[in-house]
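# Summary of the model geometry
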Amino acid sequence: MAAVMEGRLCQGIDCKQPAKLRCPTCIKMKLPDAFFCNQVCFKDNWNIHKTMHIDADLDYNPWPYFKFSGGIRPHRQSPRRAVPEAIVRPDYALHPEGVSFGEQQARNNRIVKVLNDEEKEGLKVACKLGRECLDEAARAIAPGVTTDEIDRVVHEAAIERDCYPSPLGYYKFPKSCCTSVNEVICHGIPDMRKLEDGDLCNVDVTVFHRGFHGDLNETFFTGTKVDKDSQMLTRVTYECLEKAIAIVRPGVKFREIGNVIQKHANANGLSVVRTFTGHGIHRLFHTAPNIPHFAGNSTPGVMQAGNAFTIEPMINLGVHTDDRWPDDWTAVTSDGKRSAQFEQTLLVTDNGCEILTQRSGGKPWFYEQMALQK
């Protein structure tokens with residue numbers, strides 16, 4: 001009997017048995033490893049799996065007339081990853097267009113929910129598991145690793161924790177996390193592009209566990225050659241998040257978050273993305289309140305104990321404006337300069353807030369990676 005490959009699961013559709021073999025073609029082509037439990041499962045899944053046997057270095061441009069703002073280009077994507085039937089799914093995962101009727105209904109009243117004790121506990125568990133999945137992704141980031149491989153790591157980490165990867169199928173998003181590299185602001189789709197030494201790579205993870213979503217992201221350094229401007233951008237972006245979290249408490253207006261973030265970003269010569277915002281989160285992936293990150297916004301509402309929402313500033317080295325790739329997801333800076341982002345899910349308490357997605361020890365991964373830069 002073949003030895004079990006510790007920690008690896010079969011990638012056959014709805015299988016998830018312990019893996020005992022690797023695809024020999026993937027090994028030969030130096031593609032990310034593909035694992036299967038036995039030869040029968042491998043053969044049953046061959047017609048789907050063989051579509052991954054493409055050279056990631058070959059030229060690929062699905063939109064030959066599109067003008068890209070920066071150096072990042074789309075690469076081929078692997079097939080959609082399967083989720084075992086036993087794992088509970090959010091409503092949109094069952095809709096062919098990925099529509100959440102729960103979110104649509106909530107938009108009609110825009111009430112900011114106050115969670116009860118049972119709901120708070122459910123949210124905390126989902127956020128803890130989401131953090132564990134992001135930490136798994138952090139350990140995988142290195143030059144030569146594809147963003148598709150990061151997606152695989154996140155997907156399997158979620159499944160192992162009895163979680164549904166929330167991005168998968170949400171309004172037809174094709175992957176289990178977002179990977180946004182360099183000038184990509186957010187919603188980058190994992191593909192076969194290999195990370196390069198010096199890249200910034202943001203990984204945005206959300207998991208759905210027993211009825212609740214936990215959402216967070218971090219920007220990571222790839223390798224040891226991240227330039228000084230990108231290091232500064234990443235540091236200041238995280239400081240913007242820290243300063244915003246510091247004002248969260250009952251009685252504070254939601255709109256004040258943007259004032260704090262833009263003041264610090266502008267003081268360091270950086271700009272704040274306006275198109276994308278933080279959001280309420282609990283049983284719904286995105287709901288009230290809306291959390292703009294720029295100054296002078298008019299978002300209504302005052303924080304109350306029991307409110308749960310994300311703060312996730314996106315900060316740019318250049319202009320604040322963004323473009324969208326024809327995939328309808330990937331948002332990039334208009335001038336092609338780099339962007340960074342950090343996100344936490346917060347629960348407002350009686351005298352402040354609890355950071356539900358915080359890393360053990362408090363500091364994000366880039367602080368350790370900063371010391372390795374040459």
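Look above for the structure.
What counts and what doesn't
- Residues numbered from 1 in each chain as written.
- Predicted model: local features only at pLDDT ≥ 70, side-chain atom pairs only at ≥ 80, totals over all residues.
- Heavy atoms only, no water.
- Helix = DSSP H or I, 4+ residues; strand = E, 2+ residues; numbered from the N terminus.
- Buried < 20%, exposed > 50% of the residue type's maximum accessible area, 1.4 Å probe, protein only.
- Axes fitted to C-alpha atoms, helices over the stretch in contact; angles between N-to-C directions.
- Parallel < 35°, antiparallel > 145°, perpendicular 65-115°, else oblique.
- Left-handed = near helix turned anticlockwise from the far one by under 90°.
- Contact = heavy atoms within 4.5 Å.
- Nonpolar A, V, L, I, M, F, W, Y, C, P; charged D, E, K, R; others polar.
- Pairing = 2+ DSSP bridges.
- Core = buried A, V, L, I, M, F, W, Y, C linked by side-chain atoms within 4.5 Å.
- Salt bridge = Lys/Arg side-chain N within 4 Å of Asp/Glu carboxyl O.
- Phe/Tyr/Trp six-rings, centres within 6.5 Å; stacked < 30°, edge-to-face > 60°.

### Some thoughts on unusual backbone geometry
- Here Ala288 and Pro289 are connected by a cis peptide whose omega angle stands at 5°.
- Of note, Pro289 is situated in strand 10 (residues 287-291).
- A positive phi angle, near 45°, is found at Tyr171, a position not held by glycine.
- The class for Tyr171 is partly exposed, based on a relative accessible area of 28%.
- Although it is not a glycine, Arg210 adopts a positive phi angle of roughly 50°.
- Turning to its location among the elements, Arg210 is positioned in the loop between strand 6 (200-209) and strand 7 (212-221).

### Concerning the packing of helix 7 (residues 228-246) against helix 8 (residues 256-267)
- Where helix 7 contacts helix 8, the axes come no closer than 9 Å and their chain directions differ by 150°. Here helix 7 is positioned roughly antiparallel relative to helix 8, judged by the angle of their axes. Pair helix 7 / helix 8 crosses with right-handed handedness. Taking contact as the criterion, the partners of Val236, Glu239, Cys240, Lys243 and Ala244 in helix 7 are, on helix 8, Ile257, Val260, Ile261, His264 and Ala265.
- Across the contact of helix 7 with helix 8, the residue classes break down as 7 nonpolar, 1 polar and 2 charged.

### Topic: the side chain of Thr237
- The residue Thr237 is located in helix 7 in this model.
- Excluding its chain neighbours within four sequence positions, the residues that come into contact with Thr237 are Pro313, Ile315, Ala340, Gln341 and Phe342.

### Describing the sheet that holds strand 15 (residues 339-341)
- Pairing is antiparallel in the open sheet, where 3 strands are placed in the order 8-12-15. Of all the strands in the sheet, just strand 8 (271-272) and strand 15 have a single pairing partner and so form its edges.
- Sheet topology note: the strand 12 (residues 314-316)/strand 15 ladder contains 3 bridges and is antiparallel. Bridge pairing links Asn316 to Ser339 in strand 15.
- Lying on the sheet, helix 7 is in contact with strand 12 and strand 15; it crosses strand 15 at an angle near 35°.

### Some remarks on the environment of Ser166
- As for its placement among the helices and strands, Ser166 is situated in the loop between strand 3 (164-165) and strand 4 (178-181).
- Separated by 77 residues in the primary sequence, Ser166 and Arg89 have C-alpha atoms spaced 8.5 Å apart.

### Thoughts on the packing of helix 5 (residues 117-140) against helix 6 (residues 147-160)
- At a closest axis distance of 9 Å, the pairing of helix 5 and helix 6 adopts a crossing angle of 150°. Considered as vectors, helix 5 and helix 6 are oriented roughly antiparallel to each other. Handedness of the crossing formed by helix 5 with helix 6: right-handed. Taken together, the residues of helix 6 that come into contact with helix 5 (itself represented by Cys133, Glu136, Ala137 and Ala140) are Ile150, Val153, Val154, Ala157 and Ala158.
- Grouping the amino acids of the contact of helix 5 with helix 6 by side-chain chemistry returns 8 nonpolar, no polar and 1 charged.

### Let's talk about the nonpolar core
- Core analysis: the biggest nonpolar cluster contains 30 residues, and Val248, Ile257, Ile261, Met303, Phe309, Ile311 and Ile315 have the highest contact counts within it.
- Sorting the residues of this core by element identifies helix 7, helix 8, strand 11 (308-311) and strand 16 (344-348) as the ones contributing at least two each.
- When residues of this core are assigned to their parent elements, the largest contribution, 7 residues, is made by helix 7.
- Leave out the neighbours within four places in its chain, and Ile315 touches Leu233, Thr237, Cys240, Ile261, Ala265, Leu270, Ser271, Val272, Arg338, Ser339 and Ala340.
- Within the second largest apolar cluster, 28 residues are counted, among which are Ala157, Val184, Cys201 and Val332.

### Some remarks on the pattern of salt bridges
- For the coordinates displayed, the defined rule picks out 22 salt bridges.
- Salt-bridge contacts for Glu97 lead to Lys172; the nearest nitrogen and oxygen are separated by 3.6 Å. With Glu97 in the loop between helix 3 (46-49) and helix 4 (101-107) and Lys172 in the loop between strand 3 and strand 4, this residue pair connects regions lying 75 residues apart in the sequence.
- As a salt-bridge pair, Lys124 and Glu354 come within 3.4 Å of each other at their nearest N and O atoms. Residue Lys124 is located in helix 5, and its partner Glu354 is located in strand 17 (residues 353-355); the two are separated by 230 residues in the primary sequence.
- Overall, Glu354 belongs to the partly exposed group, its relative accessible area being 33%.
- Taken together, the salt bridges that share partners define one network made up of Lys128, Glu132, Glu136, Arg139, Glu160 and Arg161.

### Description of the sheet that holds strand 5 (residues 184-186)
- An order of 5-14-13 is seen for the 3 strands of this open sheet, with the pairing classed as antiparallel. Only two strands of the sheet have a single neighbouring strand rather than two, namely strand 5 and strand 13 (322-324). Between one strand and the next, the sheet's axes are offset by a mean angle of 45°, whatever the strand orientation.

### What to know about the packing of aromatic side chains
- Summed over the entire model, instances satisfying the criterion amount to 19 aromatic pairs.
- Summarising the aromatic geometry, the rings of Tyr238 and Phe342 are spaced 5.3 Å apart at their centres and angled 70° between planes, so their arrangement reads as edge-to-face. Here Tyr238, found in helix 7, pairs with Phe342, found in the loop between strand 15 and strand 16; they are 104 residues apart in sequence, far enough to count as distant.
- A relative accessible area of 5% places Tyr238 in the buried class.
- Here the aromatic rings of Tyr238 and Phe366 are separated by 6.1 Å at their centres, their planes lie at 70°, and the arrangement is edge-to-face. Residue Tyr238 is located in helix 7, and its partner Phe366 is located in helix 9 (residues 366-370); the two are separated by 128 residues in the primary sequence. Phe366 matches Tyr238 in its accessibility class, with the two residues each being buried.
- Taken together, the ring pairs connect Phe221, Tyr238, Phe342, Phe366 and Tyr367 into an aromatic cluster.

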